[in-house]
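Here is how the chains run, residue by residue.
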Amino acid sequence: MKAGVQKMAAEPVLEAKDVVKELGQGAAKVVALKGVSLSLIPGELTLLMGPSGSGKTTLLSILGCILSSTSGSVEIRGVPITGLSPEELAEVRRKNLGFIFQSYNLFPTLSALENVRIALDVRGETGYPAAARAEEVLRDVGLSNRMRNYPGNLSGGEQQRVAVARAIVTSPAIVLADEPTAALDSENGHAVMALLSRIAKEQNRSVLAVTHDPRTLSYADRVIKIEDGLIVGEDRRPPGIDGPHITDLTKRRKAHA
Amino acid sequence: MITGNIDQAQGDLWITTFGAKSFEDGGILLTPRERHQALATQGVANVIPLVVAFAEWRKPGGGSSRVVVVGADAEDGGLAPWNLVQGTWEDIKAPEGIGIDRTYFSELGIGGMGATAQIAQGRVRVRALTDGVRSFTQSPYAFTTLNRARSLLGVEGERATFYLVQTEPGANPELIRDELRQRLESAEVLTKAEFRDRSLKQWLFRTGAGIALIGGALLGILVGTVIVAQTLYSSTKDHLNEFATLRALGSSSGYIHKVILTQAGLSAVFGYLLGMAIAILIVAASQGSALPIVMTPALAFGLFVLTLFMCAISALSAIVKVTKIDPATVFSR
Ligand SMILES: Nc1ncnc2c1ncn2[C@@H]1O[C@H](COP(=O)(O)OP(=O)(O)OP(=O)(O)O)[C@@H](O)[C@H]1O
Ligand SMILES: [Mg+2]
């Protein structure tokens, strides 16, 4: 971990400590997270990898203030979110978080532009400045000639880029993505990962993406490996090195252990 | 329409038998004694007798129905058939003359002007026609002179159903009403407004017709609300994922309520416009019939407010449904 020391010095935007989450009831009860601690700092694209059922989505939901933890604490920009009401959690999401989903979750009856604008509308930002901002972000993700299209008339890659635009149009400190490339072909998967990496770097945001997809490794600044509700390893790209670096996590984990 | 005769009659006060509930329900029980007592009261200028009663109408071609005979002498300045479109009061005064509304020919089994029929005890001849003088009851009005009404109905002596009291200029009708109430022990005295009000309530709230009307309206409101509620609820249910996404994006519940209420509002506006278009067609089509439908701007506005209110109530079930969604479902799709 020596290589990451410089970056670790930056103030974390999100800190989770000893997060435990029990799901289901009675005999069906599952401890999905068994004490997870992690922090996210600005300017990094972090990947969360692990086998199916290991608790990735559960962790992402808790970090995203969508699910509350059974025990442990989460602080977003220094503010603890434990014990907040659903309305207060919605406000924390509105102010700090952007979301990207595996199946895009665009509104099918709204155009690409309107899909992006709705994120601003939810925050009470309407009118010309909001429209101009939404157009700017769509242009930035390479969709300047697709703004009036409806999701049904966009390719998967284009839809996911609309979703990325919707997630970042409000300038959130943290962007959370659950399997953003799982539904995309190789080319589009790479395009979306490159976009997420660029967002982290250029806009100094903290991006956390859950993924199964080994193709995404080369874009990561940091990889966290989770198994059975516990973080079992972490790797970080040394500063100053570009291009694919983190390739075989398993080997590295053995080395760390 | 319900109180057409009361509205048309020129009089400040109505003397009726006790408990007369409406214009059609007076009996023929007042005697000249009451008339003279009223005339002797200070501030009373004129007391005009009216005879009003249901009577059997025998159609010229056989069969019978009922009419409301309205007997009054136009010369008294109290009540006369209005909206005459054919014939005049002078024609009605001619032997056997009556005036009826021209929308009732088929109910009365007659062909038109000049037709003859029998009312209770005597022969009558249609000598004048009114337009738009309809009865809230099934029975049309048959206008005739006071004495012909008495003889048709077999009224003894100079009895009357109502005395219409005209007060002297500058007199206070309410004070005179109170004075008359003291004097006339066997009759009731009401101002025009009071009698109108009582008739309206009688028809709207105490008769089957009124209750059916109000019941129908309430049922319409209920069914309308339920249908809009179901539509909104199922469309909300179909789009729960989208609401969950909205919630995940950080929208407040207020914002989501606004989305649903906007939909409800749109349903209200479109539904109202459609309903109003149909209503206007029905209103237009009903104008020549025996039961014309009236749509005033105030009524149209009131209905719009009611529609908005119904749709807002309808939105409640959808809002409750959305309030229960778990934003965590956004990831599990
Ligand atoms: N609502 C729930 N009730 C009970 N158990 C649940 C619920 N949601 C998830 N689980 C369980 O919690 C564990 C973690 O689930 P989670 O969805 O976080 O896994 P994941 O790492 O995202 O898996 P995948 O890669 O398949 O998406 C799993 O064992 C899952 O079966
Ligand atoms: Mg998952």
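What you see is a predicted model; the values in this text were computed from it and never measured.

**Quick notes on the side chain of S206(A)**
Residues and elements named next belong to chain A. If you trace the backbone, S206 turns up in strand β8 (residues 206–211). Look at S206 and you get buried, because its relative accessible area is 1%. Within the local environment of S206, its side chain forms a polar contact with the backbone oxygen of I41, the two atoms lying 3.1 Å apart. S206 has contacts with V13, L40, I41, P42, G43, E44, A173, I174 and V175, leaving out every residue within four places of it along the chain.

**Some thoughts on the pattern of salt bridges**
A complete count under the given rule lists 28 salt bridges over all chains for this structure. A salt bridge links K34(A) to D228(A); the nearest nitrogen and oxygen atoms lie 3.1 Å apart. Taken together, the residues span a long stretch of sequence, with K34(A) in strand β2 (residues 30–40) and D228(A) in the loop between β9 (222–227) and β10 (230–236) at a distance of 194 residues. Ionic pairing is found between R177(B) and E194(B), a salt bridge with its closest N-O pair at 2.5 Å.

**Some points on the domain arrangement of chain B**
Residue and element names in this part refer to chain B. Split by domain assignment, chain B resolves into domain 1 (4–205) and domain 2 (209–332). Inter-centroid distance (C-alpha atoms) of domain 1 to domain 2 is 46 Å. In this complex, domain 1 contributes eight residues to the contact, which on the side of domain 2 involves 10 residues. Buried surface at the junction of domain 1 and domain 2, summed over both partners, amounts to about 670 Å²; 63% is from carbon and sulfur atoms. The largest share of the area that domain 1 buries against domain 2 comes from R134, F136 and L204, three residues that together contribute 58% of it. For the interface between domain 1 and domain 2, the tally reads zero salt bridges. Here domain 1 is connected to domain 2 by zero residue pairs in polar contact (both at pLDDT 80 or more). Element by element, the count of residues in the side of domain 1 that touches domain 2 is highest for helix α7 (residues 192–206), at three residues. Here the side of domain 1 that touches domain 2 is composed, by residue class, of five nonpolar, one polar and two charged.

**Some details on the pairing of strand β5 (residues 97–101) of chain B**
Residues and elements named next belong to chain B. Of all the five residues making up β5, five are buried; the element is thus mostly covered by neighbouring parts of the structure. Of the two faces of β5, the one holding G97, G99 and D101 and the one holding I98 and I100 are both buried throughout. Taken together, the five bridges between β5 and strand β7 (residues 122–130) define a ladder with parallel strand orientation. Opposite D101, over in β7, you have T130 as the bridge partner.

**Side note on the side chain of S22(B)**
Mapped onto the secondary structure, S22(B) falls in the loop between β1 (13–17) and α2 (32–39). If sequence neighbours within four positions are ignored, S22(B) has contacts with F162(B), F195(B), S199(B), Q202(B) and W203(B).

**Some details on the environment of W82(B)**
Residues and elements named next belong to chain B. Its place among the elements puts W82 in the loop between β3 (64–71) and β4 (84–86). Of the residues examined, W82 reaches a relative accessible area of 15% and is grouped as buried. Distance from W82 to F143, taken between C-alpha atoms, is 9.9 Å for residues 61 residues apart in sequence. Residues in contact with W82, not counting those within four places in the same chain, are G4, N5, Q8, T130, V133 and F143.

**With respect to the interface of chain A and chain B**
With 22 residues of chain A at the interface, the matching set in chain B holds 16 residues. Ranking the residues of chain A by area buried against chain B places I66(A), F107(A) and V122(A) at the top, with a combined share of 26%. If you look at where chain A meets chain B, you find one salt bridge. A salt bridge links R247(B) to E87(A), with the nearest nitrogen and oxygen atoms 2.7 Å apart. Linking chain A with chain B are eight residue pairs in polar contact (both at pLDDT 80 or more). Every element with two or more residues in the side of chain A that touches chain B is listed here: α2 (56–63), α3 (86–96) and α4 (112–122) of chain A. Among the elements that take part in the side of chain A that touches chain B, α3(A) stands out by supplying five residues, more than any other. For the side of chain A that touches chain B, the per-class residue count stands at 11 nonpolar, four polar and seven charged.

Reading the values: rules and limits
Residues numbered from 1 in each chain as written. Chains lettered and ligands numbered in written order. Predicted model: local features only at pLDDT ≥ 70, side-chain atom pairs only at ≥ 80, totals over all residues. Heavy atoms only, no water. Helix = DSSP H or I, 4+ residues; strand = E, 2+ residues; numbered from the N terminus. Buried < 20%, exposed > 50% of the residue type's maximum accessible area, 1.4 Å probe, protein only. Polar contact = N/O pair within 3.5 Å; in protein donor to acceptor, adjacent residues only side chain to side chain. Contact = heavy atoms within 4.5 Å. Salt bridge = Lys/Arg side-chain N within 4 Å of Asp/Glu carboxyl O. Domains from an automatic or database assignment. Buried area = accessible area lost by both parts, 1.4 Å probe. Nonpolar A, V, L, I, M, F, W, Y, C, P; charged D, E, K, R; others polar. Pairing = 2+ DSSP bridges.

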